[in-house]
Amino acid sequence: MSGSSHSARTAETGAGLAIEGHSIDYIPESERHARLSSQGPFWFLGNFHFFTISIGFVGPSLGLSALWTTLAGALGIMFGTLFMAFHGSQGPEMGLPQMIQSRAQFGYRGVVLALLATLFVFVGFNVVNVSLIMDGLRNVFGLEPIPVACAVIAVGALLSIYGHDLMHKAFKWALMLTLPLYTLVTVALMFGAGQADAPAAPTSPLGFSWVAFATQFAIAASYNISYAPYVSDYSRYLPKHTSRAKLIAAVFLGASLSGAWMIGLGAWLAQLLQASDALVALDRVGSSLLPGLGHVLVLVSVAGFLPVIALNTYSAMLTLLTGVDSVRRINPTPRARVLSILVITLVLLGCVLSIRGNGISILNTFLVLMLYFLVPWTAVNLVDYFGVRKGRYAIPHFFTPKGIYGAWQLRGIVAYVVGFVCMVPFFYIFDAAAGKEVFVGPVARMLDGVDIAWLVGLLVSGLTYYVLSRSLDLEAERRVVDAISERDILAMARQGGEQP
């Protein structure tokens, strides 16, 4: 890890709207200026938007009633949030982005396997995000999709270029903007707003089925498990000795409460209004209360969602820089950050313009695939952090292939691959819009389409890694860790990760 001087980066991160000076490098304890009180609201807003409402449309599209969809969504969100909350505690303890930490399990170069999976998640999320905004604003205002996509992606890129501090402020402003909005919509829906103009109810009444319930649970769980590669990116500026229990609780409560609320709101919008587009549904509810209010609700909702676009772009930048650095060591300067964000922005725009289709169908399929890719990684990472190394890492050795973690760690790679392969027979991928199965594994077929692939991946990858890690010389690693001071970390940073 080479780069500009420590003092230069301190100045860059501390000055108003200056571009953040750090990226994949270590955050010195003297620069840990974030507050624990910001984490709960930050992750509450992370789920408090119309994208999460759209997840509530999935259950009814499969024949599940709003009540059962709300329950399945709430349980899935809470389950998935457990993983992201535990990952969040790694940020302040190590002062590093999430995926840099994965070099301990996969190796300096071997981590590229996990990076490809997470980069797919970050870019894919924004493809779905932008597609939903394009479709919604076209349906409500008749706006041309391409200019909308360009504007939304540009704002997200700009916020992510300025980085951590401005993004935290943007999330705070967005929460204050959208909280009254969604409170109003929820209360209004309870009193029948928008239902007078709703289409006729479907001939087949919504009810319960295990396949639909399990699918909604898995999609909700995958939604918050998908935040696992993000969380440390936004908690790494917290002081090193931040209470682990309080941080986990803050992340869990923030992300799970808003997620359960929005999925439930989406489920009832789908059942009562026959909605399949979140922005159109918001417009209908608002317009039923006051002429023109619906359009205001849509505009405020989109504006409040823009920081989430930046969230994905920022973490994609950290992942891309980590991947490039794993192949050829780079200087993680602000210039490198900006260039990587521009590359990600162009790729995102290209994907958005080339991949078009039903938004809910894309959402359903993407979230299921995302769960399959992320589950083995999160199992390996958490087992290593809490069960094997117990949070004790030689931070300077993350930045060299010659350190104790080496270039390739077969334990992590094998555990990931074995877990993923074992999941395949349990895969159940269904295209809700087309009403057809995309891929169904033989075991999923035997289970009548109930998807438990994620559970298989968690257990197999986690247990495989734990068994393989029994051969690690943890005592030798601890001696190395105990001998490292922050001065050593900063000295290695100046020398490109090599031992001084």
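Procedures and definitions
- Residues numbered from 1 in each chain as written.
- Predicted model: local features only at pLDDT ≥ 70, side-chain atom pairs only at ≥ 80, totals over all residues.
- Heavy atoms only, no water.
- Helix = DSSP H or I, 4+ residues; strand = E, 2+ residues; numbered from the N terminus.
- Rg over C-alpha atoms; globule rule 2.2 N^0.38 Å.
- Buried < 20%, exposed > 50% of the residue type's maximum accessible area, 1.4 Å probe, protein only.
- Contact = heavy atoms within 4.5 Å.
- Areas by Shrake-Rupley, 256 points an atom, 1.4 Å probe, with all protein chains shown as cover.
- Lys, Arg positive; Asp, Glu negative; His and termini not counted.
- Charge placed at Lys NZ, Arg CZ, Asp CG, Glu CD.
- Polar contact = N/O pair within 3.5 Å; in protein donor to acceptor, adjacent residues only side chain to side chain.
- Axes fitted to C-alpha atoms, helices over the stretch in contact; angles between N-to-C directions.
- Parallel < 35°, antiparallel > 145°, perpendicular 65-115°, else oblique.
- Left-handed = near helix turned anticlockwise from the far one by under 90°.
- Nonpolar A, V, L, I, M, F, W, Y, C, P; charged D, E, K, R; others polar.
- Salt bridge = Lys/Arg side-chain N within 4 Å of Asp/Glu carboxyl O.
- Phe/Tyr/Trp six-rings, centres within 6.5 Å; stacked < 30°, edge-to-face > 60°.
- Core = buried A, V, L, I, M, F, W, Y, C linked by side-chain atoms within 4.5 Å.
- pLDDT = per-residue confidence, 0-100.
- 1 Å grid on protein atoms, 1.4 Å probe; cavity = no way out; pocket = protein on both sides within 12 Å on 5 of 7 lines; lining within 4 Å.
- Points joined across faces, edges and corners; volume = space filled by probe spheres on them.
- Patch = residues over 30% accessible without salt bridge, like charges linked within 9 Å, V, L, I, M, F, W, Y side chains within 5 Å.

Draft legend 1. Summary view of the overall build of the protein. The secondary structure content of the protein amounts to 22 helices and two strands. Relative to the 2.2 N^0.38 estimate, which gives 23 Å for 500 residues, the radius of gyration of the protein is 22 Å and therefore close to what a compact globule would have. Taking all 500 residues of the protein together, the buried fraction comes to 59%. Summarising the internal contacts of the protein: among those between residues at least 6 apart in sequence, 86% fall at separations of at least 24. Here the protein displays about 18600 Å² of accessible surface, and carbon together with sulfur accounts for 68% of that area. For the protein, the distance from the average position of its 30 positive side-chain charges to the average position of its 26 negative side-chain charges is 6 Å.

Draft legend 2. Representation of the side chain of Thr 242 within the structure. Mapped onto the elements, Thr 242 comes out in the loop between helix 12 (210–225) and helix 13 (244–273). Within the structure, the side chain of Thr 242 is placed 2.7 Å from the backbone oxygen of Pro 239, a separation counted as a polar contact.

Draft legend 3. Quick peek at the environment of Tyr 372. Here Tyr 372 is to be found in helix 17 (residues 359–388). The spacing of Tyr 372 and Val 388 is 16 residues in sequence and 24 Å in space, taken between C-alpha atoms. If we skip the residues at most four places from it in the chain, Tyr 372 touches Phe 420, Met 423, Phe 427, Tyr 428, Ile 429, Asp 451 and Ala 453. Within the structure, Tyr 372 has its side chain in polar contact with the backbone nitrogen of Tyr 428 (distance 3.0 Å).

Draft legend 4. Examining the packing of helix 10 (residues 145–162) against helix 16 (residues 334–354) more closely. Following both chains from N to C, one finds helix 10 and helix 16 inclined at 160°, their axes separated by 10 Å at the closest point. Taken together, the axes of helix 10 and helix 16 are roughly antiparallel relative to one another. Here helix 10 and helix 16 pass one another in a crossing that is right-handed. Side by side, helix 10 and helix 16 meet where Ile 146, Ala 149, Cys 150, Ile 153, Ala 157, Ser 160 and Ile 161 of the first sit next to Arg 337, Val 338, Ile 341, Thr 345, Leu 348, Leu 349, Val 352 and Leu 353 of the second. The residue inventory of the contact of helix 10 with helix 16, partitioned by class, reads 12 nonpolar, two polar and one charged.

Draft legend 5. Spotlight on the pattern of salt bridges. With the rule as written, the count across this model stands at nine salt bridges. Between Asp 325 and Arg 103 there is a salt bridge, with the nearest N and O atoms lying 3.0 Å from each other. Residue Asp 325 is located in helix 15 (residues 293–327), and its partner Arg 103 is located in helix 8 (residues 103–106); the two are separated by 222 residues in the primary sequence. The exposure class of Asp 325 is buried, given its relative accessible area of 2%.

Draft legend 6. Representation of unusual backbone geometry. Despite not being glycine, Gln 274 has its phi angle at roughly 55°, a positive value. Along the chain, the position of Gln 274 falls in the loop between helix 13 and helix 14 (278–289). Accessibility expressed as a relative area gives 27% for Gln 274, which makes it partly exposed. Positioned with a positive phi, Lys 390 is a non-glycine residue whose angle comes to about 50°. Relative to the helices and strands, Lys 390 is located in the loop between helix 17 and helix 18 (410–423). Here Lys 390 falls in the exposed class, since its relative accessible area comes to 51%.

Draft legend 7. Representation of the side chain of His 164 in the model. Mapped onto the elements of the fold, His 164 is located in helix 11 (residues 164–190). There is a polar contact of 2.8 Å between the side chain of His 164 and the side chain of Asp 165.

Draft legend 8. Spotlight on the packing of aromatic side chains. For the structure shown, the criterion picks out 37 aromatic pairs. Pairing Phe 79 with Phe 217 gives two aromatic rings, centres 5.9 Å apart and planes at 45°, and the pair type is tilted. Taken together, the positions of Phe 79 in helix 5 (residues 66–88) and Phe 217 in helix 12 put the pair 138 residues apart, joining distant regions of the chain. The partly exposed category is assigned to Phe 79, whose relative accessible area is 22%.

Draft legend 9. Examining the environment of Phe 122 more closely. Mapped onto the secondary structure, Phe 122 falls in helix 9 (residues 112–141). Take Phe 122: its relative accessible area is 1%, and that puts it in the buried class. On a C-alpha basis, the gap between Phe 122 and Thr 319 in space is 9.0 Å, while along the polypeptide they are 197 residues apart. Setting aside anything within four residues of it in sequence, one finds Phe 122 in contact with Pro 229, Tyr 230, Asn 312, Ser 315, Ala 316 and Thr 319.

Draft legend 10. Structural detail: the nonpolar core. Counting 132 residues, the largest nonpolar core has Trp 43, Phe 50, Ile 53, Leu 269 and Phe 398 as the members making the most contacts within it. With near-sequence residues (within four places) excluded, Trp 43 lies in contact with Met 84, Tyr 227, Tyr 230, Val 231, Tyr 234, Val 251, Gly 254, Ala 255, Ser 258 and Leu 311. The next biggest cluster of nonpolar side chains, apart from the first, holds 15 residues, and it includes Trp 377, Val 388, Ala 415 and Tyr 416.

Draft legend 11. Representation of the confidence of the model for the protein within the structure. Of all residues in the protein, 90% have pLDDT values of 70 or greater, and the mean over the chain is 87. Here helix 1 (residues 6–14) is the element of the protein with the lowest mean pLDDT, 39, and helix 18 is the one with the highest, 96. When the criterion is pLDDT under 50, residues 1–15 qualifies, and its contacts beyond four places in sequence or with other chains add up to 44 contacts. Every residue in residues 496–500 scores below 50 in pLDDT, and together they form 17 contacts with partners more than four places removed in sequence or on other chains.

Draft legend 12. Main features of the environment of Ala 66. The topology assignment puts Ala 66 in helix 5. For the pair Ala 66 and Gly 264, spaced 198 residues apart in the sequence, the C-alpha separation amounts to 7.3 Å. In this structure Ala 66 touches Ala 267, Trp 268 and Gln 271, once residues within four positions along its chain are discounted.

Draft legend 13. Looking closely at the layout of surface pockets. There is about 350 Å³ of room inside the second largest pocket. Taken together, 18 residues form the lining of the second largest pocket, with Glu 93, Lys 240, Tyr 393, Ile 395 and Val 481 sitting closest to its centre. Contributing elements (two or more residues each) for the lining of the second largest pocket: helix 6 (90–94), helix 21 (474–482) and helix 22 (486–494).

Draft legend 14. The arrangement of a nonpolar patch on the surface in detail. Where nonpolar side chains cluster on the molecular surface, the patch consists of Trp 68, Leu 71, Leu 75, Met 78, Phe 208 and Trp 210 and spans about 580 Å² of accessible area. Position of Trp 210 relative to the elements: it lies in helix 12. On the basis of relative accessibility, which here comes to 59%, the residue Trp 210 falls in the exposed class.

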